[in-house]
Amino acid sequence: FFVYPNPSSDELTVSSNSKESDTSTLVTLTDSNGTVVYSARTKGREQIKIPVRGYKNGTYYLSITENG
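Residue positions are given per chain, counted from 1 along the sequence in the order it is written. With the structure being a predicted model, the display of local features is reserved for residues of pLDDT at least 70 and the display and counting of side-chain atom pairs for 80 or more, all residues being used for whole-chain, interface and lining totals. Values shown for side chains rest on all heavy atoms present in the structure; no hydrogens or waters enter the calculation.

A.B. asks: Could you give an account of empty space enclosed by the protein, with specific residues and numbers?
C.D. replies: Lining residues are defined by having an atom within 4 Å of a point belonging to a cavity or pocket. Those points lie on a 1 Å grid over the protein atoms alone, cavities being sets where a 1.4 Å probe fits but cannot get out and pockets being open sets with protein on both sides within 12 Å along at least five of seven lines. Grid points are joined across faces, edges and corners, and a volume is the space filled by probe spheres set on the points. Using the criterion set out here, one finds one cavity of 30 Å³ or more in the structure. The computed volume of the largest cavity comes to approximately 40 Å³. Together, Phe1, Val14, Ser15, Ser16, Thr25, Val27, Thr42, Gly44, Glu46 and Ile48 line the largest cavity. Each residue gets one of three labels, nonpolar for Ala, Val, Leu, Ile, Met, Phe, Trp, Tyr, Cys and Pro, charged for Asp, Glu, Lys and Arg, and polar for the others, Gly among them. When its residues are assigned to classes, the lining of the largest cavity shows four nonpolar, five polar and one charged.

A.B. asks: Could you give an account of the pairing of strand E2 (residues 11–15), naming the residues involved and the relevant values?
C.D. replies: Buried residues are those whose accessible area, probed at 1.4 Å on protein chains only, stays under 20% of the maximum for their type, while exposed residues exceed 50% and partly exposed ones sit between those limits. Helix and strand assignments follow DSSP, with helices taken as H or I runs no shorter than four residues and strands as E runs no shorter than two, numbered in order from the N terminus. Of all five residues making up E2, four are buried, and the element is well covered by its neighbours. We call two strands paired when DSSP finds no fewer than two bridges between them. Where strand E1 (residues 2–4) meets E2, three bridges bridge the pair, whose relative direction is antiparallel. For Phe2, the partnering residue across the bridge sits in E2 and is Ser15. In this structure, the hairpin formed by E1 and E2 is closed by a connection of six residues.

What follows is the structure, encoded as structure tokens:
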């Protein structure tokens with residue numbers, strides 16, 4: 001997976017370099033308190049764009065789960 005730009009103040013892009021088109025991916029972004037602030041599911045090589053504009057400054061944790 002590629003995640004860019006990091007750090008970001010506008011939009012964070014998550015893309016997969018997987019060659020499989022039927023891969024199921026769950027992307028979750030949580031804040032430092034463990035609260036989920038964004039979650040999305042994608043299939044295959046789709047990019048996910050996370051709008052982070054308006055999020056408070058701080059540390060966030062990105063979790064990527066592929067095929068469960």
